[in-house]
Amino acid sequence: MRRHPAYDPPEYRNWTLDPDLLHAARRRIEDDPERRRVVEALSREDLEGLYRDLLRTRLFDIGLKRWVRQGVLSKAWLGTGEEAVTVGSVHALDRSLDVVCPMIRNAGACFMMGMPFADLFRGYLGTPDSPNGGRDLHVGDLDRRVLQPISHMGTNVPVMAGVGLAFRNRGVPGVALTWIGDGATKTGECHEGLNFAAVQSLPVVYVLQDNRVALGTPAEQHGAADLGRWGEIYGIRTWHADGNHVLDTFAATRLAADHARSGQGPGLVVARTFRMGGHATHDEKEARDTFDPELFRSWGKRDPIGLFEGWLEEEGIDATRREELEEAAAAEIEAAAAEALLSREIEPDPSLAFFEGFSAAGVLAPIAHRGV
Ligand SMILES: Cc1ncc(C[n+]2csc(CCOP(=O)(O)OP(=O)(O)O)c2C)c(N)n1
Ligand SMILES: [Mg+2]
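Just so we're clear, the structure is a prediction, and the values are computed from it rather than from any experiment.

J.: For this particular structure, what's the right way to read the coordination of the magnesium ion (ligand 2)?
T.: Note on metal sites: the ideal angle is 109.5 degrees for four tetrahedral donors, and 90 or 180 degrees for six octahedral donors. Within the protein, D182 (OD), N211 (OD1) and V213 (O) serve as the donor atoms for the magnesium ion (ligand 2), at 2.0 to 2.2 Å. Between consecutive donor residues of the magnesium ion (ligand 2), the sequence gaps follow D-x28-N-x1-V. Taking the relative accessible area as the measure of exposure, V213 reaches 6% and is therefore buried.

In structure tokens, the structure reads:
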């Protein structure tokens, strides 16, 4: 993809493909018969779809970062370098049936489930026409099977166990999927939710997005030194994934989702990755000061988009076709950002200041009428 020197991490600016990394990515799929079967079933259209969504996820983040630089926003939470975790796992789902609850670093899941980009930008702007009326930058849309998270880490884990329970009780063959940060693994809610999902054998997929940091605390210091065998504690079947390899995350999540959908209980995908920036745009320097520069260097070589371009080249999806897809994605995001900015003209309804809480029936109605 075209690099964006003003917004990209320095490691991405003059990015070139390391053939050894591409070779290792191939081996990872080819040496595992189950993953190989899942990846070989992908059509050219599917591969282009994965690429398009990687680009859209990166370009959406760049759009937000530009707004921060321009003073439109005070900060933004980005997923730079972690895009393949979100894109691979959402593509592994049945998007007409399954429900996701994306954390802030998984914002790409919202548009992959069908939410308009302009609405995601409006969520950040807090305009009255944003999906939650401007109340929170976390957004969702139950009609599009996206459950809006709250800011409190770990709370999505039991909530999605509840969605899985609803699926089972109503005889709907859906899967509930959410992501868990390495830091969030330390919350009580996370523990309770995983335990409940496991003992009830619920159709839930948890994707552990292990970027080895929580805010400014490295995983070794917050007590998550090795999460590789974490699922065993709960008796949850685990698939390990290279979180910078979109096809590996896709294949691992598809296997976990098949397992959960067939009634065998929850699945855990442990995806190792790295945050190529700060917790948000305000502390990028702190992240650079916290981590060994070698980590940025080695993970920078593993840009999930660049690596997948190497794969696509070998599949005959050449630079000309990739540029077409990129131009379309960039135009789409550009138009959505411009559209969302217009929403700043809308006067908020003063009665929103006296908001008295949701009625339970109101919140549950959209999911109830879909038989979830
Ligand atoms: C219960 C709770 N405690 C603290 C916070 C403040 N907080 C927000 S994000 C974050 C770190 C999250 O780390 P991790 O789960 O690894 O996710 P990442 O940001 O790395 O994607 C913290 C401590 C919070 N939102 N909720
Ligand atoms: Mg983390």
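J.: How should I be thinking about unusual backbone geometry in this particular structure?
T.: Phi is mostly negative for residues that are not glycine, and the peptide bonds are mostly trans. Within the chain, R145 stands out as a residue other than glycine whose phi angle is a positive 70°. Mapping R145 onto the fold places it in the loop between helix 7 (117-125) and helix 8 (156-169). Accessibility expressed as a relative area gives 7% for R145, which makes it buried.

J.: Can you walk me through the site of ligand 1 in this structure?
T.: What surrounds ligand 1 is a group of 13 residues, the closest being R105, G183, A184, N211 and V213. Between an oxygen atom of ligand 1 and a main-chain N or O atom of A184, the distance comes to 2.9 Å. Within the backbone of V213, a nitrogen or oxygen atom sits 2.8 Å from an oxygen atom of ligand 1. Contact with the protein chains removes 69% of the 580 Å² of surface that ligand 1 exposes when unbound. When the residues that make up the shell around ligand 1 are grouped by side-chain class, the tally is five nonpolar, six polar and two charged.

J.: Which parts of the structure should I look at to understand the pattern of salt bridges?
T.: Applying the stated criterion across every chain, the model contains 31 salt bridges. Its salt-bridge partner being E40, residue R36 comes within 3.0 Å of it at the nearest N-O pair. Taken together, the residues span about one helical turn, with R36 and E40 both in helix 3 (residues 33-40) at a distance of four residues. Exposure remark for E40: the relative accessible area of 56% places this residue in the exposed category. In this structure, R302 and D242 form a salt bridge, with 2.6 Å as the shortest nitrogen-oxygen distance. Of this pair, R302 sits in the loop between helix 14 (293-300) and helix 15 (304-314) while D242 is found in strand 6 (residues 237-242), placing the two residues 60 residues apart along the sequence. The pair R302 / D242 is uniform in exposure class, with both members buried. What emerges from the salt-bridge pattern is a single network uniting R3, R58, E83 and D303.

J.: Can you help me understand helix 8 in this one?
T.: What sets the pattern is the α-helix's 3.6 residues per turn: residues three or four places apart point alike. Between its terminal C-alpha atoms helix 8 stretches 20 Å, which fits the 20 Å expected from 14 residues at 1.5 Å a residue. Every buried residue belonging to helix 8 is among N156, V157, M160, A161, V163, G164 and F167, and all of these are buried. In a view along the axis of helix 8, the buried residues occupy a sector of 155°, so they form one face of it. G171 sits one or two residues past helix 8 and shows a positive phi near 70°.

J.: How do you make sense of the pairing of strand 6 when you look at a structure like this?
T.: Relative to strand 7 (residues 267-272), strand 6 runs parallel, the two being bridged by six bridges. Along strand 7, the bridge assignment pairs T238 with L268. Following the backbone out of strand 6, through helix 12 (residues 246-261) and into the adjacent parallel strand 7, one traces a crossover that is right-handed.

About the criteria used
Residue positions are given per chain, counted from 1 along the sequence in the order it is written. Chains and ligands are labelled by the order in which they are written, letters from A for the one and numbers from 1 for the other. The predicted origin of the model limits local features to residues at a pLDDT of at least 70 and limits the giving and counting of side-chain atom pairs to 80 or more, whereas totals for whole chains, interfaces and linings rest on all residues. Side-chain numbers here rest on the full set of heavy atoms in the structure, without hydrogens or water. Donors, by definition, are the N, O and S atoms found within 2.8 Å of a metal, the threshold being 3.2 Å for Na, K and Ca, and water is not counted, so a site can look incomplete. Whether a residue is buried, partly exposed or exposed follows from its accessible area with a 1.4 Å probe, protein chains only, as a fraction of its type maximum: under 20%, in between, or over 50%, in that order. Comment: elements are numbered from the N terminus, with helices defined as DSSP H or I runs of at least four residues and strands as E runs of at least two. The rule for a residue being near a molecule or strand is that one of its heavy atoms must lie within 4 Å of it. Polar contact is defined as a pair of N or O atoms within 3.5 Å, subject to the rule that within protein one atom must be able to donate a hydrogen and the other to accept it, and that residues adjacent in sequence are counted only when both atoms are side-chain atoms. Note on areas: these come from Shrake-Rupley sampling with a 1.4 Å probe, and a residue is covered only by the protein chains present in the view. Note on residue categories: nonpolar means Ala, Val, Leu, Ile, Met, Phe, Trp, Tyr, Cys or Pro, charged means Asp, Glu, Lys or Arg, and polar means any other residue, Gly included. For this document, the term salt bridge refers to a Lys or Arg side-chain nitrogen within 4 Å of an Asp or Glu carboxyl oxygen. Helix span is expected to be 1.5 Å times the residue number reduced by one. An arc is given here, and it is the one of the directions from the helix axis to the C-beta atoms. When DSSP finds at least two bridges between two strands, those strands are taken to pair. Handedness of a crossover is defined as follows: with both strands directed away from the viewer, a clockwise route from the first strand across the helix to the second makes it right-handed.

Structural measurements only, silent on function.
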